[in-house]
Amino acid sequence: MTAAARDGTSTPAGLRPVAVRAWHALVDALLELHSEGARTPCHDEPAFLSNDGLDRLMAAKACRHCPVRIPCDAFAEANQEPAGVWGGRDRSGAVAAAL
């Protein structure tokens with residue numbers, strides 16, 4: 001999808017300036033995936049933001065074949081996300097596991 005396709009979406013407040021382009025790339029990838037009737041493994045799945053390390057490990061494993069894993073990871077890296085599972089990586093403190 002292009003920027004024209006996401007005119008109804010806005011950039012969330014608080015994004016690091018270097019993350020804006022990555023945010024829009026992730027939104028575009030998600031819109032394309034949803035237009036095909038597919039969903040990401042993290043859709044409505046609380047394990048991706050769980051306080052439990054085992055939950056987050058299982059969530060990270062679920063990302064392995066996600067079609068938006070790369071733009072998700074790029075966004076999280078650019079925005080320096082401090083917690084949760086993004087793009088197959090647990091970014092919650094010392095557990096930062098990349099699968």
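In this text the structure is predicted, and so the values were computed from the model without any measurement.

### Section: helix H1 (residues 20–35)
Okay, so step 1: For H1, spanning 16 residues, the distance from its first C-alpha to its last is 22 Å, which sits close to the expected 22 Å at 1.5 Å a residue.
Okay, so step 2: Taken together, the buried positions of H1 are Ala22, Trp23, His24, Leu26, Val27, Asp28 and Leu33.
Okay, so step 3: For H1, the secondary structure elements touched by its buried residues are helix H3 (69–79).
Okay, so step 4: Backbone geometry just downstream of H1 places Gly37 in the positive-phi region, at approximately 80°.

### Description of the packing of aromatic side chains
Okay, so step 1: Scanning the model with the defined rule gives 2 aromatic pairs in all.
Okay, so step 2: Among the aromatic residues, ring-to-ring pairing joins Trp23, Phe75 and Trp86 into one connected group.

### Focus: unusual backbone geometry
Okay, so step 1: Despite not being glycine, Asp44 has its phi angle at roughly 55°, a positive value.
Okay, so step 2: Position of Asp44 among the secondary structure elements: in the loop between H1 and helix H2 (53–62).
Okay, so step 3: With a relative accessible area of 69%, Asp44 lands in the exposed category.
Okay, so step 4: Located in the positive-phi region is Gln80, a residue other than glycine, with phi close to 50°.
Okay, so step 5: As for its placement among the helices and strands, Gln80 is situated in the loop between H3 and strand S1 (85–86).

### Section: H3
Okay, so step 1: Those residues of H3 not exposed but buried are Pro71, Cys72, Asp73, Phe75, Ala76, Ala78 and Asn79.
Okay, so step 2: Among the structural elements, H1, S1 and strand S2 (89–90) are those in contact with the buried residues of H3.
Okay, so step 3: After H3 finishes, the residue Gln80 shows a positive phi value of roughly 50°.

### Examining the confidence of the model for the protein
Okay, so step 1: Residue-level pLDDT values for the protein average 87, and 85% of them are 70 or greater.
Okay, so step 2: Low pLDDT, under 50, characterises residues 1–6; the stretch is placed with 10 contacts to residues that sit more than four places away or in other chains.

Rules of the game
- Counting of residues starts from 1 at the beginning of each chain's written sequence and follows it residue by residue.
- Local features are withheld for residues below a pLDDT of 70 in this predicted model, meaning they are given only at 70 or higher, and side-chain atom pairs are given and counted only at 80 or more; totals for whole chains, interfaces and linings count all residues.
- Water and hydrogen atoms were dropped before computing side-chain values, which therefore reflect all heavy atoms in the structure.
- What counts as a helix is a DSSP run of H or I of at least four residues, what counts as a strand is a run of E of at least two, and both are numbered from the N terminus.
- Helices are assigned an expected span. That span is 1.5 Å times one less than the residue count.
- Each residue is assigned to one of three classes by its accessible area relative to the maximum for its type, calculated with a 1.4 Å probe on protein chains only: buried under 20%, partly exposed between the two thresholds, exposed over 50%.
- Residue contacts follow a heavy-atom distance rule, with two residues in contact if any of their heavy atoms lie within 4.5 Å.
- The pairing test for Phe, Tyr and Trp rings, Trp by its six-membered ring, is centres within 6.5 Å, and the orientation test on the planes gives stacked under 30 degrees, edge-to-face over 60, and tilted for anything in between.
- Residue-level confidence of the predictor, termed pLDDT, takes values from 0 up to 100.

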